[in-house]
Amino acid sequence: MYDIRWIREQAAAFDAGRASRGLPPLSDVLIALDDRRKSAIAKLQMAQERRNAAAKAIGQAMGRKDFEEAERLKAEVADLKASVPLLEAEERESVAALQTALSEIPNTPSPDVPVGADEHANVELRRIGTPREFASFAPQEHFTIGEALGLMDFESAAKLSGARFVVLKGALARLERAIGQFMLDLQVDKHGYLEVNPPLMVRDAAVFGTNQLPKFKDDLFRAGDEFWLIPTAEVPLTNLVRESVVEEKDLPLRYTALTPCFRAEAGSAGRDTRGMIRQHQFSKVEMVSITTPETSAGEHERMTGCAEAVLQQFGLPYRVMLLCTGDIGFGAQKTFDLEVWLPGQGRYREISSCSVCGDFQARRMDAKYRPTEGKTARFVHTLNGSGLAVGRTLVAVLENYQNQDGSVTIPEILRPYMGGQDTIRRP
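Residues numbered from 1 in each chain as written. Predicted model: local features only at pLDDT ≥ 70, side-chain atom pairs only at ≥ 80, totals over all residues. Heavy atoms only, no water.

Concerning the sheet that holds strand β7 (residues 227-229)
If you walk across this open sheet you meet the 3 strands as β5-β7-β6, and the pairing is antiparallel. Looking along the sheet, the strands with just one partner apiece sit at the ends: β5 (201-202) and β6 (221-223). Examined bridge by bridge, β5 and β7 share 2 bridges and lie antiparallel to one another. Bridge pairing links Val 202 to Trp 228 in β7. (Pairing = 2+ DSSP bridges. Helix = DSSP H or I, 4+ residues; strand = E, 2+ residues; numbered from the N terminus.)

Next up, the structure:
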């Protein structure tokens, strides 16, 4: 979320950032809303000050027995008193109009983010690993493998919950659990993230703080009148510092969690309708960092490396993409996507996004830190990334480790989590 004072001072830079996202200029509209807000506040203050001054003057007029002046002043006070509620309403409406407008504006991309309209302008930074060659048979997609094993059941899931759900059974259910547990252990034990078990339901203010509200309301699941189901653990983890001031010496804060996530996928009609790529309910290991402005860029690189380490441990080929201005998320200044190779689809698919948001979320949450030198608190910088999406990692394991006889070899690193089992076969 933006500071209107910054927009006033940097109107050209603000509009240039919007232009890089393919959006029209907006500074003039926002400055006009701010002028209206300032005018409403000034009119209310003037009315209140005049009312107080007139009320005081009534006593002075009565003291000198100027009853005619006293009556005139009483009438003026009555008129001012009647006008104050209207002026207060005007002030509330003008403040709300500006805040609503500011809350619906995406973050300004970093200067080093490539400008482009969509994913076609993303830049590949590196490729790690060589895709496996399937010389003796054609690789299958994960849902074909899972259904042939009798352990991936979309039909039963549809009867229970509708489209975009799955029932995993037996060794596949355990494999998904093993993947999530391994990734959580890696981020905690090797990379130093603090494990958190957060609530899966959060209030409006928390979802607003991480910029899912109000812009992406239709992508969320409402849970009664007070709560939303979390679309990602980014929401509760980042909001751990909301409305607080942390000490600089305690930064960076690094949190991780393995949680279910819930998304309505409102804008994905017709996309990935088969399989586990895009579901309403899925598990994910999330990483969140809270840093100073000076260290957030380095933390972004570090977080991306922590996500890459998972793919490297699994021996899965992947590439790292720098997203262009037209493809980065609403709250992001800069994003690296990790895309894993899926031989069944014959292409790379996103399995993690790691983003730095600057102080965009911190302003929405009122999250600050106190510098070691200096008394004035500053807004923190926030970062978030998947380490990784569990369901998509399961998809990648099934497709990359499939065998001609329909079985799936379990990556060696996961076998301790699978009770020593090395292969999944049809029961």
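Text resumes after the structure shown.
Digging into helix α3 (residues 27-63)
In this model α3 runs 54 Å from its N-terminal to its C-terminal C-alpha over 37 residues, within 8% of the 54 Å that 1.5 Å per residue would give. For α3, the full list of buried residues reads Ser 27, Leu 30, Ile 31, Leu 33, Asp 34, Ala 40, Leu 44, Ala 47, Ala 54, Ala 57, Ile 58 and Ala 61. Each element contacted by the buried residues of α3 is listed here: α1 (4-9), α2 (11-20) and α4 (67-103). Trailing α3 by a residue or two, Lys 65 shows a phi angle of about 60°, which is positive. (Expected span 1.5 Å × (residues − 1). Buried < 20%, exposed > 50% of the residue type's maximum accessible area, 1.4 Å probe, protein only. Contact = heavy atoms within 4.5 Å.)

Let's talk about the nonpolar core
In a soluble, globular protein the nonpolar side chains are often hidden away together inside. Residues Leu 175, Ile 179, Met 183 and Ile 424 are the most contacted members of the largest nonpolar core, which totals 52 residues. In terms of residue count, helix α7 (residues 170-190) provides more of this core than any other element does, 8 residues in total. Those residues within four positions of Leu 175 in sequence are excluded, and the remaining contacts are Leu 394, Val 397, Leu 398, Leu 414, Met 418 and Ile 424. By size, the runner-up hydrophobic cluster in this structure holds 16 residues, among which are Val 196, Val 288, Ala 362 and Ala 367. (Core = buried A, V, L, I, M, F, W, Y, C linked by side-chain atoms within 4.5 Å.)

Some words on unusual backbone geometry
The omega torsion across Leu 251 and Pro 252 is 0°, close enough to zero to call that bond cis. Tracing the backbone shows Pro 252 in the loop between β8 (244-247) and β9 (253-262). Gly 387 connects to Leu 388 through a cis peptide bond whose omega is 15°. The phi angle at Lys 65 is positive, at roughly 60°, despite the residue not being glycine. Tracing the backbone through its elements, the reader meets Lys 65 in the loop between α3 and α4. Even without a glycine there, the phi angle at Asn 211 is positive, about 65°. For Asn 211, the position within the fold is in the loop between α8 (204-209) and β6.

These figures capture arrangement, not role.
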